[in-house]
Amino acid sequence: MFAHRTTYLFLAGLLASQTAALGQNPVMTRQDASPQPRSVTLREAGSARRLIIGAAASPGRLSEPQYADTLAAQFRQIEPEIHMKFGFIHPRPGSDASAYDFAPADKLVAFAQAHDMLVRGHCLVWHQRVADWVVGGVAAKTIGSEQLKAILQNHISTVAGHYAGNVWAWDVVNEAFNDDGSLRSTIWYDSPGIGLKDRGTAYIEQAFRWAHAADPKAKLFYNDYEAEVINPKSDAIYTMAKDFVARGAPIDGIGFQAHFDLAFDNPKTLDSFAANLKRFSDLGLEIHITELDVRVNAPNATNLAAQAALYGKVTTVCLQNPTCRVLQTWGFTDKYSWIPAYFKGKQGWALPFDDSYQKKPAYNAILKALEAK
Ligand code: XIL
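Calculation criteria
Residues numbered from 1 in each chain as written. Predicted model: local features only at pLDDT ≥ 70, side-chain atom pairs only at ≥ 80, totals over all residues. Heavy atoms only, no water. Phe/Tyr/Trp six-rings, centres within 6.5 Å; stacked < 30°, edge-to-face > 60°. Helix = DSSP H or I, 4+ residues; strand = E, 2+ residues; numbered from the N terminus. Buried < 20%, exposed > 50% of the residue type's maximum accessible area, 1.4 Å probe, protein only. Near = heavy atom within 4 Å. Polar contact = N/O pair within 3.5 Å; in protein donor to acceptor, adjacent residues only side chain to side chain. Areas by Shrake-Rupley, 256 points an atom, 1.4 Å probe, with all protein chains shown as cover. Nonpolar A, V, L, I, M, F, W, Y, C, P; charged D, E, K, R; others polar. Core = buried A, V, L, I, M, F, W, Y, C linked by side-chain atoms within 4.5 Å. Contact = heavy atoms within 4.5 Å. Axes fitted to C-alpha atoms, helices over the stretch in contact; angles between N-to-C directions. Parallel < 35°, antiparallel > 145°, perpendicular 65-115°, else oblique.

Asks: Can you lay out the packing of aromatic side chains for me, pointing to particular residues and giving the numbers?
Replies: Following the criterion strictly, the structure yields 20 aromatic pairs and no others. Taking 5.9 Å as the distance between ring centres and 80° as the angle between the ring planes, the aromatic pair formed by Phe-102 and Tyr-163 counts as edge-to-face. Of this pair, Phe-102 sits in the loop between α5 (86-89) and α6 (103-114) while Tyr-163 sits in the loop between α8 (145-162) and β4 (169-174), and the two are 61 residues apart along the sequence. Of the two residues, Phe-102 and Tyr-163, both sit in the buried class.

Right, here's the structure in full:
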């Protein structure tokens, strides 16, 4: 931001001195001839507040100029929306290179590097999008706990190793808790699990330790949804995080997905959101808002204004938290949001750009919050 401001001032000064030399009125000419300053982007406004503004993205869309231009101009970070998930990146059995499909995610990494952007990795362990060969093997009992442990260790080592130096932060484990705070039953935990069944969060800790061994420099995150406010799920995550920190298990932060609707915008909820983030910050952990979107049931002016207000408030909560370092939306254009499909067409219009890449009120609200002192 400062670099651009300085360049602009320098160019404006240059223009003024040239026109003065031509004997024209420098004030008039400066007003008439100099270009309007480029409007500040989300990524610049975020950087000025030490906040990384990110978006989930898909490599197949980069060939669409408006998609690529908006992504590169407005965002400082990319996270693959699906292409680093197990079933996509490790679709075939085995542990050698032929079992993995790195090309789509590599394309996003190359795009990020070409545009001076960071890459956040998502995700190494999740109960969804597990490759068919793993699910099928477990169902057929050809893969038992011992073998599953070897598969997951190989997966984490290979993927985190492949992106070491290029992915600065990883969602190591995604969505491991139920809403009541109990551990979700998953192929990795207890059905059949990697051999740490009934040992609580030990399997999660094991995944973090493998990720740390594969890329000691990457920051490692636990990521979940509906854990934004203080509730049984965030209590369980807090208990785990506190234990990991106390015992020196390699965890750097918590990702809060933040898939919201307009009901989130009430003082009690927002206070609980801020207080929840603070208790994690107080453990010394970094906070990332990882998948922000605000769904509405119709794109009318009232809803879009309410949506904008909530986007602004979420941005402010993050800015006011001492360790909140990333504010990332799940996609950025309504053209490609996951919401309409997931909510069967009844909800949508959840992102800061509309389906023609025009800035919505939500965009302006984020920017305004970032620029507020
Ligand atoms: C979603 C993607 O957006 C969809 O395209 C895909 O079909 C399913 O997964 N929580 C997460 C994300 O951590 O990985 C999910 O992404 C949305 C919910």
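From this point, the narrative continues.
Asks: Pulling in residues and values, what's your account of the site of the ligand?
Replies: Near the ligand, the surroundings consist of 13 residues, among which Glu-81, Lys-85, His-122, Arg-129 and Glu-291 are the closest. A distance of 2.9 Å separates an oxygen atom of the ligand from a polar side-chain atom of Asn-174. Within the side chain of Gln-257, an N or O atom sits 3.2 Å from a nitrogen atom of the ligand. Burial of the ligand by the surrounding chains reaches 82%, relative to a free accessible area of 410 Å². For the shell around the ligand, a count of residues per class yields four nonpolar, four polar and five charged.

Asks: Before we move on, could you go through the nonpolar core and cite the residues and values that matter?
Replies: If you look at the biggest cluster of nonpolar residues, it comprises 105 residues, and the most contacted ones within it are Leu-71, Trp-170 and Trp-188. Per-element accounting of this core gives the leading share, seven residues, to helix α9 (residues 202-214). With near-sequence residues (within four places) excluded, Trp-188 lies in contact with Phe-86, Val-125, Trp-126, Val-130, Val-134, Leu-148, Leu-152, Gly-193, Ile-194 and Tyr-203. Core analysis: the next-biggest nonpolar cluster, separate from the first, contains five residues, Ile-52, Trp-168, Phe-221 and Val-326 among them.

Asks: Lay out the packing of helix α10 (residues 232-247) against helix α11 (residues 267-281) with the relevant residues and their values.
Replies: It is at 10 Å that the axes of α10 and α11 come closest, and there the two elements cross at 10°. Accordingly, the angle class assigned to the pair α10 and α11 is roughly parallel. Contact residues: α10 offers Ser-234, Asp-235, Ile-237, Tyr-238 and Ala-241, while α11 offers Asn-276, Arg-279 and Phe-280. Of the residues belonging to the contact of α10 with α11, the class tally is four nonpolar, two polar and two charged.

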